[in-house]
Amino acid sequence: MALNKVWVLAEAFEGKPLPIVLELLTEARSLGTTVEAVAWSPDIDAYAAELGNYGVTKVHNIDIGQSLPGAPVATAIAELVQAGDGPDALLVGMTYDGRDIAGRLSVKIDKPVLTNVVGFSDGASGPVSEHAIFGGSQIVKAEFTGGSPYIFVVRPKSFAAEPSGGGAPEVVNHNVSDPGVTFAAVIENRHVEAHEGPKLDEAAVVVSGGRGLGEAEKYSMIEELAKLLKAAPGASRAIVDAGWVPYSYQVGQTGKTVKPTVYIACGISGATQHMVGMKGAKNIIAINKDQEAPIFSIADLGVVGDVHKVLPKLIEALKARS
Amino acid sequence: MNVVVCVKQIPDPATPGQLDPTTHTLVREGKLVIDDSDMYGVEMALQLVGTAGSGEVTLVSMAPNGETSGLRTALAMGAAKAILVSDDALKGSDALGTARVLAAAIKRAEPDLILAATESTDGYTGTTPVQVAELLGLPSITFAKHIEIDGSTVKVQRQTEAGYDEVTSPLPALVTVTAGVVEPRYPSFKGIMAAKNKPVDELKVGDLGLEASQVGQAGAGQQITDVAAAEERKAGEIVQDEGDAHERIVAFLDQLKVI
């Protein structure tokens, strides 16, 4: 059953919609008759035009001041829902701010949230959401038992983004009436860390390291290999938990979903936690000394060997070619 | 400085997960362990209370079966006491139902700061902590990589896509701690012995003033309708490294035209 109005949370990064926003807008066009967006952009006209290109006809723009977006954006959406102007479904990307907004909104309008959505299919009363569990080995279908609005938090890379070529949408500005104490979490300063090469979730090639590297210092081999391949470096949860690399490097269920042309897993055994984030790669190369490692069951090329021997030679061979 | 840490006890992640054939919810019978993701919050709380020089760390947990072994691990690290909400009525709770229970239990501890993991290892919805904050009417900061207390303000370095933001909030507040940002201490022998006698306050849903219809399967506004095997990805070629495996990798990358 098609929905009437579907809203997409249009989170921006450096003034542009995040890739997940474009993916969600594309999917929203097949889920609902009308697609609208919720944004909190200071430069809304340029931003809204980009959303219009993906089928958005109206943008609800919220003034959040210096607050973290979670509380003010959820408050504004809840006010619109309570005034009868809300959507039948809200699609939220699984990002830092996305889950904050979905969680707060869920309490405010007393509706549950379905998270980790990777697909939708038609149901009797509303959309049925699909979720990959146990490392992506099984797909669970779920639906809400109560009424709309339905809140879905969707994993990035679940849908391909395609523009529909619409015109500039109508922009409606909202000032949230009563900024309660929950708005008091404010951003004082932003720090951008120097970053070379492609982003992890957009790179055509990803080179990831795991516990098999043995020690934090050996992660430099991953960085060097990544640089030679113009790839993004990634990591398994084990070495992020151990503090070797920051959380933003993590690939997997609790980290990023990647779908590169080539994924190279070095010293990663392939826990279900990791596989769910990378099994959508077109080609997988795995290097691990344990030939029983689960990663080999999904690798196109599996090398049973020691990363400390294979990687230096691979790095030398690639250097010789460049 | 009193800190509450939300702690989840989960089936051992090293053993394959199972779904109940009728309810399709995750089977949580048998021995449960502390979720590794929560160890960072426990460590952070102990450090903050240590720096403040007074106060204590209280654990708040919810489990269907009265399990306490995971809580004992965190008590052995140095937490003072625990509140465990354990009730058959909690089976099948969704994130919102769980948040209702945790929020009601946390209220009893009257903390200055509430810490939680960014998400659990078994459920990984990642919404529960913020739902707790909203139910308690408190500000929240998720994905902290560094936390400092300055009087009645909490200062947090919050992980972002590009780096981090410096975020401040008045206390009381809820903060979620990113994995890997502190090194959880190992419980000492003395700590393990002391943990056996630390108070664990076991509560039922009714003790918290909640109705059974607000929690568990009854309060969950969602249901699983189908479970099916995903499309399998096939294994390709496996080679043993005889000192020349890197050549095979180069050839493969060549063939894919990425070099």
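Parameters and conventions
Residues numbered from 1 in each chain as written. Chains lettered and ligands numbered in written order. Predicted model: local features only at pLDDT ≥ 70, side-chain atom pairs only at ≥ 80, totals over all residues. Core = buried A, V, L, I, M, F, W, Y, C linked by C-beta atoms within 7 Å. Buried ≥ 20, exposed ≤ 12 C-beta atoms within 10 Å, placed from the backbone. Helix = DSSP H or I, 4+ residues; strand = E, 2+ residues; numbered from the N terminus. Domains from an automatic or database assignment. Contact = placed C-beta atoms within 7 Å. Pairing = 2+ DSSP bridges. Axes fitted to C-alpha atoms, helices over the stretch in contact; angles between N-to-C directions. Nonpolar A, V, L, I, M, F, W, Y, C, P; charged D, E, K, R; others polar. Parallel < 35°, antiparallel > 145°, perpendicular 65-115°, else oblique. Left-handed = near helix turned anticlockwise from the far one by under 90°.

**Overview of the nonpolar core**
Counting residues in hydrophobic clusters, the biggest one holds 183 residues, and the most contacted among them are V8(A), L91(A), V5(B) and V175(B). Looking at this core element by element, the count peaks at nine residues for helix α3 (residues 95-109) of chain B. Looking at which domains feed residues into this core, each of domain 1 (3-184) and domain 2 (205-321) of chain A supplies at least three. In contact with V8(A), other than residues within four places in its own chain, are V21(A), L24(A), L25(A), A28(A), V35(A), A37(A) and L91(A).

**Here we look at helix α2 (residues 44-52) of chain A**
Along α2(A), the residues that are buried comprise Y47(A), A48(A), E50(A), L51(A) and G52(A). For α2(A), the elements touching its buried residues are β2 (12-13), β3 (16-17), α1 (19-31), β4 (32-39), β5 (58-63) and β11 (170-175) of chain A.

**Notes on the sheet that holds strand β9 (residues 138-144) of chain A**
Spatially, β11(A)-β5(A)-β4(A)-β1(A)-β6(A)-β10(A)-β7(A)-β8(A)-β9(A)-β12(B) is the arrangement adopted by the ten strands of the open sheet, whose pairing is mixed. Each edge of the sheet is formed by a strand with only one pairing partner; in this case those strands are β11 of chain A together with β12 (222-229) of chain B. Each strand axis lies, on average, 35° off the axis of its neighbour in the sheet, ignoring direction. One ladder, built from three bridges, connects strand β7 (residues 113-122) of chain A with strand β10 (residues 150-154) of chain A; its direction is parallel. Opposite L114(A), over in β10(A), you have F152(A) as the bridge partner. Contacts from α1(A) reach β1 (3-9), β4, β6 (89-93), β7, β8 (127-133) and β10 of chain A, with the element oriented near 180° to β1(A). Each of β4, β5 and β11 of chain A is contacted by helix α3 (residues 70-82) of chain A, which is oriented at about 130° to β5(A), the strand it contacts most.

**Things to note about the interface of chain A and chain B**
On the chain B side, the residues contacting the 78 residues of chain A number 69 residues. The leading source of residues in the side of chain A that touches chain B is helix α4 (residues 96-108) of chain A, at nine residues. When grouped by side-chain class, the residues that make up the side of chain A that touches chain B number 40 nonpolar, 22 polar and 16 charged. Across seven bridges, the pairing between β9(A) and β12(B) is antiparallel. Along β12(B), the bridge assignment pairs A142(A) with I224(B).

**Considering the packing of α4(A) against helix α4 (residues 128-136) of chain B**
Packing of α4(A) against α4(B) brings their axes to within 8 Å, and their N-to-C directions diverge by 45°. With respect to each other, α4(A) and α4(B) are oriented oblique. For the element pair α4(A) and α4(B), the recorded crossing hand is right-handed. On the side of α4(A), the interface is formed by R99(A), D100(A), G103(A), R104(A), S106(A), V107(A) and K108(A), while α4(B) contributes V130(B), Q131(B), E134(B) and L135(B). Looking at the contact of α4(A) with α4(B) residue by residue, the class counts come to three nonpolar, three polar and five charged.

**Description of the environment of H24(B)**
Residue placement: H24(B) occurs in the loop between β2 (9-11) and β3 (32-34). Judged by local crowding, H24(B) falls into the partly exposed class, with 16 C-beta atoms found within 10 Å. Each C-alpha atom of the pair H24(B) and I259(B) lies 46 Å from the other, and the pair is 235 residues apart in sequence. In this structure H24(B) touches V140(A), L19(B), I224(B) and V227(B), once residues within four positions along its chain are discounted.

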